[in-house]
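These are the residues of each chain, in order.
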Amino acid sequence: MTSSYMRIFCLAAVAGLVGLSGQSPEGKDILPDESLKGWTRIPIPAIDGLKPKMQWRVDAAQHALICAGDGQHEWLRYDQELGDFVFQVDWRFTPRSPDEKRYNSGIGIRLSKYGEIWYQAQTGLTGGYLFGENFADGAIKRFNLSKEMKENRVKPAGEWNHYEIRAQGDRITLAVNGEVVNELPGVGLRRGYIGLEAEGFEVTFRNLKLQALP
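For the structure given in this document, a descriptive report is provided here. Note that the structure is predicted; figures quoted are calculated from it, not measured. (Residues numbered from 1 in each chain as written. Predicted model: local features only at pLDDT ≥ 70, side-chain atom pairs only at ≥ 80, totals over all residues. Heavy atoms only, no water.)

## So, the environment of Gly-195
Let me state the cut-off plainly: Under the scheme used here, helices are H or I runs from DSSP no shorter than 4 residues and strands are E runs no shorter than 2 residues, and both carry numbers assigned from the N terminus. The contact rule is simple, with two residues in contact once any of their heavy atoms fall within 4.5 Å.
Note that Gly-195 resides in strand E14 (residues 193-198). Setting aside anything within four residues of it in sequence, one finds Gly-195 in contact with Trp-75, Leu-76, Arg-77, Gly-106, Ile-107, Gly-108 and Leu-111.

What follows is the structure, encoded as structure tokens:
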């Protein structure tokens, strides 16, 4: 087969995949528009009540979602309930003073609708790891895998980080900047929602790519 025919064949194959799944092999871009349609603010904790101040905005020029971090503790929840999926996202903190070490945010994974049960990929200078409240053995139990983190691969404030999160069956896997650092087996909640966390620091998210798994 000539190189020209091979190129046409490959393009046709990719087009076929997109047509069948409705998304590219890299995943569907779920960045909202400026109205944030398809996303909902959820207070943390869920019973705390939602405050009126809006701290989320979309920067169309950067193709990015920015949380100012100057409002309440909350999730911005993607409103499509998901089963198995791979979610990729880039994020970075806006630097404060050189001595600031408390940068804090996170990526919610398989959240219950109002966040009562939650799994989170932590974003902070201390590293990327999984923690939250798992439903197991008929009860909700807190877990924290920071000590099981293979290495701290998070870059300093102001630099972009890339997370790839795979939720499949009863396992959640977190890769930070190209390497797996944490895995959680025995996940009790098999369907849920993605969320981005506001927790007092300005953080920018981009390249929000979601791939549903069969």
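## Some points on the sheet that holds strand E10 (residues 139-144)
Applied cut-off: Two strands qualify as a pair provided DSSP detects at least 2 bridges between them. All axes are obtained by fitting lines to C-alpha atoms, using only the stretch in contact for helices, and the reported angles, taken between N-to-C directions, cover 0 to 180 degrees.
The sheet built from seven strands is open, its strands ordered E2-E5-E14-E7-E8-E9-E10 with antiparallel pairing. Strands at the two margins of the open sheet, each flanked by one partner only, are strand E2 (39-43) and E10. Neighbour-to-neighbour, the strand axes of the sheet open up by a mean angle of 20°, direction not taken into account. Examined bridge by bridge, strand E9 (residues 130-136) and E10 share six bridges and lie antiparallel to one another. Note on E10: the bridge partner recorded for Glu-133 is Arg-142.

## Describing the pairing of strand E11 (residues 161-168)
Counted only if it meets this: Burial here depends on accessible area, computed with a 1.4 Å probe over protein chains only, as a share of the maximum for the residue type. Under 20% is buried, over 50% is exposed, and the range in between is partly exposed.
Where burial is concerned, the two faces of E11 differ: the one with Asn-161, Tyr-163, Ile-165 and Ala-167 is buried and the one with His-162, Glu-164, Arg-166 and Gln-168 is not. Two strands pair when backbone bridges link them, and strand E6 (residues 85-93) and E11 are joined in this way by seven bridges, in the antiparallel orientation. The partner of Val-86 across the bridge, within E11, is Arg-166. The turn linking E11 back onto strand E12 (residues 171-176) is made up of two residues, and Gly-169 within it adopts a positive phi angle of 60°.

## Some details on the environment of Trp-91
Its place among the elements puts Trp-91 in strand E6. The class of Trp-91 is buried, set by a relative accessible area of 1%. Considered as a pair, Trp-91 and Ile-66 are 25 residues apart in the sequence and their alpha carbons are 9.6 Å apart.

## Things to note about the side chain of Arg-77
Here is the rule: A 3.5 Å cut-off defines polar contacts: any pair of N or O atoms within that distance qualifies, except that in protein one atom must be a possible hydrogen donor and the other a possible acceptor, and neighbouring residues in sequence count only when both atoms are side-chain atoms.
Turning to its location among the elements, Arg-77 is positioned in strand E5 (residues 74-78). A distance of 2.5 Å separates a polar atom in the side chain of Arg-77 from the backbone oxygen of Lys-113. Apart from the residues within four sequence positions on either side, Arg-77 is in contact with Gly-38, Trp-39, Thr-40, Ile-42, Lys-113, Tyr-114, Tyr-193, Ile-194 and Gly-195.

## A closer look at unusual backbone geometry
Along the chain, Ile-44 connects to Pro-45 via a cis peptide bond; the corresponding omega equals -5°. Inspection of the secondary structure assignment puts Pro-45 in the loop between E2 and strand E3 (56-59). Its identity is not glycine, yet Leu-36 carries a phi of approximately 60°, on the positive side. What makes Leu-36 buried here is its relative accessible area of 9%. Phi angles above zero are rare outside glycine, and Asp-137 is one such case at about 55°.

## So, the packing of aromatic side chains
Keep this limit in mind: Note on ring pairs: Phe, Tyr and Trp rings are taken, using the six-membered ring of Trp, and paired if centres are within 6.5 Å. Classes follow the plane angle, with under 30 degrees stacked, over 60 edge-to-face and the rest tilted. Charge-over-ring placement is defined geometrically: NZ (Lys) or CZ (Arg) within 6 Å of the ring centre, and within 35 degrees of the ring normal.
One pass over the structure, following the stated rule, counts eight aromatic pairs. Pairing Phe-93 with Tyr-103 gives two aromatic rings, centres 5.2 Å apart and planes at 35°, and the pair type is tilted. Of this pair, Phe-93 sits in strand E6 while Tyr-103 sits in the loop between E6 and strand E7 (105-111), and the two are ten residues apart along the sequence. For Phe-93, a relative accessible area of 2% corresponds to the buried category. Overall, the relative accessible area of 5% leaves Tyr-103 in the buried class. Pairwise contacts between aromatic rings join Trp-91, Phe-93, Tyr-103, Tyr-163 and Phe-201 into one cluster. We note Arg-77 situated over the ring of Tyr-114; from NZ or CZ to the ring centre the distance is 6.0 Å. The ring of Trp-160 has Arg-206 sitting right over it, with the charged end atom 3.8 Å from the ring centre.

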